[in-house]
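Below are the chains, spelled out letter by letter.
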Amino acid sequence: MEQIAIVARLKSGAEPRAAELVAQGAPFDPGRSGLERHTVYLSADEVVFVFEGSEVEWIVDGLIDEPFQWPLIAALDDWRPLLEDNPRIARPVYSWEREALDGAAVL
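Because the structure is a prediction, the values reported are computed rather than measured.

Criteria and cut-off values
- Residues numbered from 1 in each chain as written.
- Predicted model: local features only at pLDDT ≥ 70, side-chain atom pairs only at ≥ 80, totals over all residues.
- Heavy atoms only, no water.
- Helix = DSSP H or I, 4+ residues; strand = E, 2+ residues; numbered from the N terminus.
- Buried < 20%, exposed > 50% of the residue type's maximum accessible area, 1.4 Å probe, protein only.
- Contact = heavy atoms within 4.5 Å.
- Areas by Shrake-Rupley, 256 points an atom, 1.4 Å probe, with all protein chains shown as cover.
- Lys, Arg positive; Asp, Glu negative; His and termini not counted.
- Charge placed at Lys NZ, Arg CZ, Asp CG, Glu CD.
- Pairing = 2+ DSSP bridges.
- Axes fitted to C-alpha atoms, helices over the stretch in contact; angles between N-to-C directions.

**Points about the overall build of the protein**
Part 1: Scanning the protein from terminus to terminus reveals 4 helices and 4 strands.
Part 2: In sequence order, the protein lays out its α and β elements as β-α-α-β-β-α-α-β.
Part 3: Reported as C-alpha extents along the three principal axes, the dimensions of the protein are approximately 50 × 30 × 25 Å.
Part 4: A total of 107 residues make up the protein; the buried ones form 26% of that total.
Part 5: Put simply, of all contacts in the protein between residues at least 6 apart along the chain, 71% involve residues at least 24 apart.
Part 6: Here the protein has roughly 7700 Å² of accessible surface; of this, 53% comes from carbon and sulfur atoms.
Part 7: A distance of 5 Å separates the average location of the 9 positive side-chain charges in the protein from that of its 20 negative side-chain charges.

Pasting the structure below:
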């Protein structure tokens with residue numbers, strides 16, 4: 001499974017509003033998008049959106065580039081005033097996973 005993250009620095013004091021937006025859930029249907037997993041991490045000064053699935057970069061590009069994605073467009077408009085800079089893409093460079101005795105990954 002492939003992963004990609006979008007990392008954004010929050011403006012000072014934006015964490016409570018960011019938490020409200022995250023609590024609303026994804027502004028798209030993650031199950032219908034082709035994603036296997038979608039996670040959001042929030043700290044006092046950053047938000048990280050992690051997307052996982054097969055060919056995940058294509059999925060994320062499709063979500064952003066798909067015309068008439070009104071809920072997603074509205075969500076991006078809600079996030080813009082909270083962000084210090086443009087979001088950045090981060091890709092995994094290291095990963096560790098415990099394996100079971102028979103070689104199968106432990107979940």
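Alright, that's what it looks like, and here's the rest.
**As for the sheet that holds strand S3 (residues 46-53)**
Part 1: Read across the sheet, 4 strands follow the order S2-S3-S1-S4 without closing on themselves; strand pairing throughout is antiparallel. Looking at which strands have only one partner, the edges of the open sheet turn out to be strand S2 (37-42) and strand S4 (88-90). On average, each strand axis in the sheet is tilted by 20 degrees relative to the strand beside it, whichever way the strands run.
Part 2: Across 8 bridges, strand S1 (residues 2-9) lies against S3 in antiparallel orientation. Bridge pairing in S3 links Ala-8 to Val-47.

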